[in-house]
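# Descriptive structure summary
Listed below, chain by chain, are the residues.
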Amino acid sequence: MKNILFLGDSLTAGYGLPAAQAYPSLIQSKLSEEGYTRYKVINAGVSGDTSAGGLYRIDRWLSQLIDIFVLALGANDGLRGIPTRETTQNLQQIVDKVKHQHPEAKIILSGMEIPDIVPGRYAAEFRKLFRELALKNNVAFVPFLLEGVAGMRHLNLPDGLHPNAEGQKLLAKHTWDVLKDMLEM
């Protein structure tokens, strides 16, 4: 078996939904449909997690075989206004740890954005940090995990922040579009 580890927050955990409706589970189903039966998805999403929390938690997962690593953290950093330098450092350390422990692992970084209505340069700096990290580390990149979902009432739970089952399908599609090129039969 080959493992695909998703390290993320409530978006990955599928907040407010049955586990089977979270996008990592949808990816597992898509893998089976497409004949990639050797792949097992591990959902390490924790609601409310930040990049600092992910950095703290990653060591727990590094003892397992990781063939593909999907890093989907940062949304809560943005919501809390954590300095972009701190988020960048935390995400970089997570990537470094994965590369050190599993040098052959393929890595996908899922980008996040916050609305431009946030005053000052923060929104632009936040958006840029993901692109820069992906380039610096030469990893695959999902530019904005919530593309087409953020701000769309019909694709989110009543809280307006977390994707509903239909929204999770779009997160799965964005991820699959990048992941599919990394798979081996």
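These figures come from a predicted structure and were not determined experimentally.

Turning to the pairing of strand 1 (residues 2-8), a few remarks are in order. The buried count for strand 1 comes to seven of seven residues, which makes it a mostly enclosed element. In strand 1, alternate side chains face the same way, and those of Lys2, Ile4, Phe6 and Gly8 on one face and Asn3, Leu5 and Leu7 on the other are all buried. Across seven bridges, the pairing between strand 1 and strand 2 (residues 39-45) is parallel. When the sheet's bridge partners are listed, Lys2 is paired in strand 2 with Tyr39. In this structure, strand 1 lies alongside strand 3 (residues 68-72), joined through five bridges in parallel fashion. By the bridge assignment, Leu7 is partnered in strand 3 with Leu71.

All right, on to the nonpolar core then. Ranked by internal contacts, the top residues of the largest apolar core, which has 56 residues, are Ile4 and Phe69. At seven residues, the largest contribution of residues to this core is made by helix 6 (residues 122-137). Apart from residues lying up to four places away in sequence, Ile4 is in contact with Leu31, Tyr39, Lys40, Val41, Ile42, Ile68, Val70, Leu179 and Leu183.

What follows covers the packing of helix 5 (residues 84-101) against helix 6. Relative orientation of the contacting elements helix 5 and helix 6 amounts to 20°, with a least axis distance of 10 Å. On the basis of their axis angle, the class for helix 5 and helix 6 is roughly parallel. With respect to the hand of their crossing, helix 5 and helix 6 are arranged in right-handed fashion. Of the residues in helix 6, those touching helix 5 at Thr84, Thr87, Thr88, Leu91, Gln92, Val95, Asp96 and Lys99 are Tyr122, Glu125, Phe126, Leu129, Phe130, Leu133, Lys136 and Asn137. When the residues that make up the contact of helix 5 with helix 6 are grouped by side-chain class, the tally is seven nonpolar, five polar and four charged.

Criteria and thresholds
Residues numbered from 1 in each chain as written. Predicted model: local features only at pLDDT ≥ 70, side-chain atom pairs only at ≥ 80, totals over all residues. Heavy atoms only, no water. Buried < 20%, exposed > 50% of the residue type's maximum accessible area, 1.4 Å probe, protein only. Helix = DSSP H or I, 4+ residues; strand = E, 2+ residues; numbered from the N terminus. Pairing = 2+ DSSP bridges. Core = buried A, V, L, I, M, F, W, Y, C linked by side-chain atoms within 4.5 Å. Contact = heavy atoms within 4.5 Å. Axes fitted to C-alpha atoms, helices over the stretch in contact; angles between N-to-C directions. Parallel < 35°, antiparallel > 145°, perpendicular 65-115°, else oblique. Left-handed = near helix turned anticlockwise from the far one by under 90°. Nonpolar A, V, L, I, M, F, W, Y, C, P; charged D, E, K, R; others polar.

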